[in-house]
Amino acid sequence: MIITVGGIKGGSGKSTVATNLTVELSLGGFNVLLIDADDQETSTDFTNLRNEHTGDQAGYTAIRLSGKAVRTEAMRLVDNYDHIIIDTGGRDTTSQRAAITISDVLLVPFVPRSFDLWTLEPVEQIIEELSVVNDNLQAFAFLNRADSRGSDNQDSIELLSDSEVLQYIDTPMGSRKAFSHAAASGLSVSEYRPRDKKAIDEFQALYQHCLNLSKALS
Ligand SMILES: Nc1ncnc2c1ncn2[C@@H]1O[C@H](COP(=O)(O)OP(=O)(O)OP(=O)(O)O)[C@@H](O)[C@H]1O
Ligand SMILES: [Mg+2]
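Report on the accompanying structure. (Residues numbered from 1 in each chain as written. Chains lettered and ligands numbered in written order. Predicted model: local features only at pLDDT ≥ 70, side-chain atom pairs only at ≥ 80, totals over all residues. Heavy atoms only, no water.)

**Some words on helix H9 (residues 197-217)**
Definition in use: The helix count covers DSSP runs of H or I at least four residues long, the strand count covers runs of E at least two residues long, and both are numbered beginning at the N terminus. Under the convention used throughout, the expected extent of a helix is 1.5 Å for every residue step, that is, one less than its residue count. Throughout this description, buried means an accessible area under 20% of the type-specific maximum (1.4 Å probe, protein chains only), exposed means over 50%, and partly exposed covers the range between. In protein, a polar contact means a hydrogen-donor-capable atom and an acceptor-capable atom, both N or O and within 3.5 Å, with residues adjacent in sequence counting only if both atoms are side-chain atoms; elsewhere, any N or O pair within 3.5 Å suffices.
Between its first and last C-alpha, H9 extends 30 Å over 21 residues, near the 30 Å set by a 1.5 Å rise per residue. Taken together, the buried positions of H9 are Ala199, Ile200, Glu202, Phe203, Leu206, Tyr207, His209, Cys210, Leu211, Leu213 and Ser214. Sitting at the head of H9, aspartate 196 places a side-chain oxygen 3.1 Å from the backbone nitrogen of lysine 198.

Spelled out as structure tokens, the structure:
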């Protein structure tokens, strides 16, 4: 399965989700390719850190691609891997569009804040345009950095649930230091110690959703 983590808002958690998914799938015994399609190279930095911490035993293969090559190279490599995870930058780029055209699944994290939610419509437009070339695409929206209290979560959920292009999935990830601390050590949130059970459970819900999609596709 090819999963792109996208959207056009910076800092929504795309690299956090992409790297956690990659590590979790590889720990689950899958042969995984992580494609960093963002010029900022966050997931490449993550993999470099992980290699340092594990003596080059990251557990997956990582490459950096940009522009149309995201599509052509991924298509060349797809049969060599069980899963390909593509991390994209927070802008509407050729790289992100190329990734979406070959993906089975697009995951779009949204922080429950108005600046982030204002990107829903342009994201929907991109998906609709690309659905013409990829009618297998399933696109999902979920909350990241969700609040522990207040009404912003619910307001955001209502807006995202109204989308006819993205399916809202009820797998919110809270704003938890474990996500950023784990990433800073090249670890997934499930590997990070001390364990943050809430963060682990939240990510697992998203991970299980992806596994179920994969089972449904095979
Ligand atoms: N659920 C969370 N709780 C706490 N911190 C988080 C969470 N998700 C992401 N972060 C932190 O927020 C910052 C941005 O996250 P990340 O790099 O994953 O976003 P991004 O969408 O990939 O950003 P960009 O658009 O720049 O590529 C990072 O410092 C990350 O550790
Ligand atoms: Mg990123």
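Having seen the model, we can carry on.
**Focus: the nonpolar core**
Across soluble globular proteins, you tend to see nonpolar side chains buried next to one another. Convention followed: Each nonpolar core is a collection of buried residues, namely Ala, Val, Leu, Ile, Met, Phe, Trp, Tyr and Cys, held together in the definition by side-chain atoms within 4.5 Å. The contact criterion used is simple: two residues touch if any of their non-hydrogen atoms lie within 4.5 Å.
Counting 32 residues, the largest nonpolar core has Ile3, Val17, Leu21, Ile85, Leu107 and Phe203 as the members making the most contacts within it. Looking at this core, the elements that each hand over two or more residues are strand E1 (2-5), helix H1 (14-27), strand E2 (32-37), strand E5 (105-110), strand E6 (138-146), helix H8 (177-184) and H9. The dominant element in this core, judged by the number of residues it contributes, is H9, at 7 residues. Once residues lying within four places of it in the same chain are set aside, the contact partners of isoleucine 85 are Ile3, Val5, Ala18, Leu21, Thr22, Leu25, Val32, Leu33, Leu34 and Ile35. Grouped together as the second largest cluster of nonpolar side chains are 19 residues, Phe110, Leu143, Ile157 and Tyr168 included.

**Comments concerning the pairing of E6**
To keep it simple, the criterion reads: When DSSP finds two or more bridges between a pair of strands, those strands are recorded as paired.
The buried fraction of E6 amounts to 7 of the 9 residues, a majority that puts the element mostly inside the structure. Where E5 lies against E6, 6 bridges are found, and the strand directions are parallel. Each residue of the ladder has a partner; that of proline 109, found in E6, is phenylalanine 142. Bridge count for E6 against strand E7 (residues 167-168) is 2 bridges, and the pairing is parallel. Counterpart to alanine 141 in the pairing with E7 is tyrosine 168. As judged from the 2 bridges shared by E6 and strand E8 (residues 173-174), these two strands associate in the parallel manner. Following the sheet pairing, asparagine 144 is matched in E8 by methionine 173.

**What about the environment of leucine 120?**
When you line up the elements, leucine 120 lands in helix H6 (residues 120-131). You can call leucine 120 buried: its relative accessible area is 8%. Spatially, the C-alpha atoms of leucine 120 and serine 163 are 8.5 Å apart, while their sequence positions differ by 43 residues. For leucine 120, the residues in contact, after removing those within four places along its chain, are Phe110, Leu159, Leu160 and Leu166.

**Examining unusual backbone geometry**
Cis geometry marks the peptide bond from arginine 193 to proline 194, where omega comes out at 0°. Positionally, proline 194 belongs in the loop between H8 and H9. With a phi close to 60°, glutamate 41 is a non-glycine residue in the positive phi region. Take glutamate 41: its relative accessible area is 31%, and that puts it in the partly exposed class. Phi at aspartate 56 takes a positive value of approximately 60°, unusual for a residue other than glycine. Within the secondary structure, aspartate 56 is located in the loop between helix H2 (42-54) and strand E3 (61-64).

**Focus: the packing of aromatic side chains**
What describes a pair of aromatic rings is the distance from one ring centre to the other and the angle between the planes of the rings. Let me state the cut-off plainly: Pairing of aromatic rings covers Phe, Tyr and the six-membered ring of Trp, with a centre-to-centre limit of 6.5 Å; geometry is then stacked below 30 degrees between planes, edge-to-face above 60, and tilted otherwise.
Per the counting criterion, the structure on display carries 2 aromatic pairs. Aromatic pair phenylalanine 115 and tryptophan 118: ring centres 5.2 Å apart, planes at 50°, arrangement tilted. The class of tryptophan 118 is exposed, set by a relative accessible area of 59%. The interplanar angle of 25° and the centroid separation of 6.4 Å between the aromatic rings of phenylalanine 203 and tyrosine 207 together place this pair among those described as stacked. Taken together, the residues span about one helical turn, with phenylalanine 203 and tyrosine 207 both in helix H9 at a distance of 4 residues. Across the pair, exposure class does not vary: phenylalanine 203 and tyrosine 207 are buried alike.

**Describing the site of ligand 1**
Heads up, the rule is: Only a single heavy atom is needed: when it lies within 4 Å of a molecule or strand, its residue is near that molecule or strand. Throughout, the Shrake-Rupley method with a 1.4 Å probe supplies accessible areas, and for residues the shown protein chains are the sole cover considered. Under the scheme applied here, ten amino acids are nonpolar (Ala, Val, Leu, Ile, Met, Phe, Trp, Tyr, Cys and Pro), four are charged (Asp, Glu, Lys and Arg), and all others, including Gly, are polar.
Around ligand 1, the surrounding shell holds 18 residues, and the nearest of these are Lys14, Thr16, Asn144, Arg145 and Gly174. One nitrogen or oxygen atom from the main chain of glycine 174 is found 2.8 Å from a nitrogen atom belonging to ligand 1. Protein burial of ligand 1: of its 630 Å² of free accessible surface, 81% is covered by the chains. Elements with a minimum of two residues in the shell around ligand 1: H1, E6 and H8. Here the shell around ligand 1 takes 3 residues from H1, the largest share from any one element. For the shell around ligand 1, a count of residues per class yields 1 nonpolar, 12 polar and 5 charged.

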